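Descriptive structure summary
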Amino acid sequence: MDIRHLEYFSEVAKQLSFTKAASTLHVSQPSLSKAVKQLEDELGVPLFYRSRKVELTDAGKAVLVNAIDVLDAFHNLTSELSDIIELKNGEIKIGIPPITGAAFFSKLISYYRDQHPQIKIRLSEVGSKMIKHGVEDGSLDIGLVCNVPVKNENLEVLELINDPLMLLVHKDNHLAQKTRIDLTELNEEPFILYRQDFSLHDRILEECSTKGFSPNVVCHSSHRDFMIEMVEAKMGIALLPGEIANNIQDRQIEAIPLVNSNLSLELGMVWKKNKYLPFSVREFISMSKQYLTKV
C-alpha cells in the first residue's frame, strides 16, 4: 500500500464513479481500477459494490474514515516540509558564551532574521565547554565557542573572530601608567578570572604557567560587566577581549595591550560533524559565511 492507493480510493469514494474519479485524477480508468483492486487485495475486503452504480461497502466506509485522516496527515507533513525547505518555518538552538560581547552575534542574528523572520531562534547562554558538549550531544544545533581547536574530530568549525586580550586595571593601580605590559608583570596582582567552565579560564592559567607563575585568583565570574565592576572597585585586574576593553567608557579603568602574549579571544562557530542539519541551520551557517565577507 502507498499513499497513491489511498488517494485513488478516496476520490472514487467521493465521486462514487471510477470514470469521474479517473478524470479528476488525470489517470486512466484501468490504472485507477487496478490500484483500488490492489488496495482491496491487500486489506482482504471489498471496498465497493460494483453494480449499476458504485457504492461503499461497510469495510469501505471504515477505510474511508481512516484514509481521510492519513491523507490529511500526509498533506500536513508535505506542507510543513515545504515550509521548512523554503525557510518559512523551523527552529535553531544556539549556545553563546556570555563573556563575549554581543555586538558581533547580535548583528549576525539580525542579518538572519531579516531574511527569515519565521525561523525561531532559541539561545542558551553558557560557557564554551558546555556549548561544545551541547553541540556534541545534540541539545544544541550550533555553538559560538571561545578558543576552540581548529581541528576537532567531532565538530566542524567556522572561525569568526580573533581578538587579543587586554589588561584592565583601576586608574589608581601602579600599572595604569604603562602603555604596554608583559604578563610576567602581573604575577603578584589579584586576578578576576573567568569561571572554570570557560575555555579562556584554562588558556589564561596555561599562559601564566608558561611565564613562570600561577595567578592569584580572587574572583571567578561569567559576566563581563561584573568583572569590569570588580576592577573598578579595586578588587583586582582582569583580562578581557580588546573589543570589549576598548569600548569601556566613563569608568575609572585603563585598558592596556599585552605584549609577548598568545592570549586572545578566538571565537568560532561549531556544529556537529556527520549529522543531518535542518535547512534552517544550514542556511544560518551559509549566511554566517556570507556575513563574514561583509565585515
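Thresholds applied
- Residues numbered from 1 in each chain as written.
- Predicted model: local features only at pLDDT ≥ 70, side-chain atom pairs only at ≥ 80, totals over all residues.
- Heavy atoms only, no water.
- Buried < 20%, exposed > 50% of the residue type's maximum accessible area, 1.4 Å probe, protein only.
- Helix = DSSP H or I, 4+ residues; strand = E, 2+ residues; numbered from the N terminus.
- Right-handed = clockwise from strand over helix to strand, strands pointing away.
- Salt bridge = Lys/Arg side-chain N within 4 Å of Asp/Glu carboxyl O.
- Contact = heavy atoms within 4.5 Å.

In terms of burial, strand β8 (residues 190-194) is a largely internal element, four of the five residues being buried. Handedness of the β-α-β unit built from β8, helix α7 (residues 199-210) and strand β9 (residues 216-221) comes out right-handed.

This part covers the pattern of salt bridges. Two side chains of opposite charge can pair, provided their charged atoms sit close to one another. Counted under the stated rule, the structure contains 10 salt bridges. Across the salt bridge formed by aspartate 172 and lysine 234, the nearest N and O atoms sit 2.8 Å from each other. Residue aspartate 172 is found in the loop between β6 (155-170) and β7 (181-182), and its partner lysine 234 is found in the loop between α8 (224-232) and β10 (238-241); the two are separated by 62 residues along the sequence. Taken as a pair, aspartate 172 and lysine 234 share a single burial class, namely exposed. In this structure, lysine 178 and glutamate 185 form a salt bridge, with 3.1 Å as the shortest nitrogen-oxygen distance.

Attention now moves to the side chain of serine 128. Along the chain, the position of serine 128 falls in helix α6 (residues 128-137). Using a relative accessible area of 1% as the deciding quantity, one classes serine 128 as buried. In this view, serine 128 contacts Pro97, Val145, Cys146, Asp197 and Ser199; residues no more than four positions away in its chain are not counted.

The general pattern is negative phi for most residues beyond glycine and trans for most peptide bonds. Here lysine 234, not a glycine, exhibits a phi torsion of approximately 65 degrees, which is positive. Under the relative-accessibility criterion, lysine 234 is labelled exposed at 54%. Although it is not a glycine, aspartate 250 sits at a positive phi angle of roughly 55 degrees. Looking at the secondary structure, you find aspartate 250 in the loop between α9 (242-245) and β11 (253-259).

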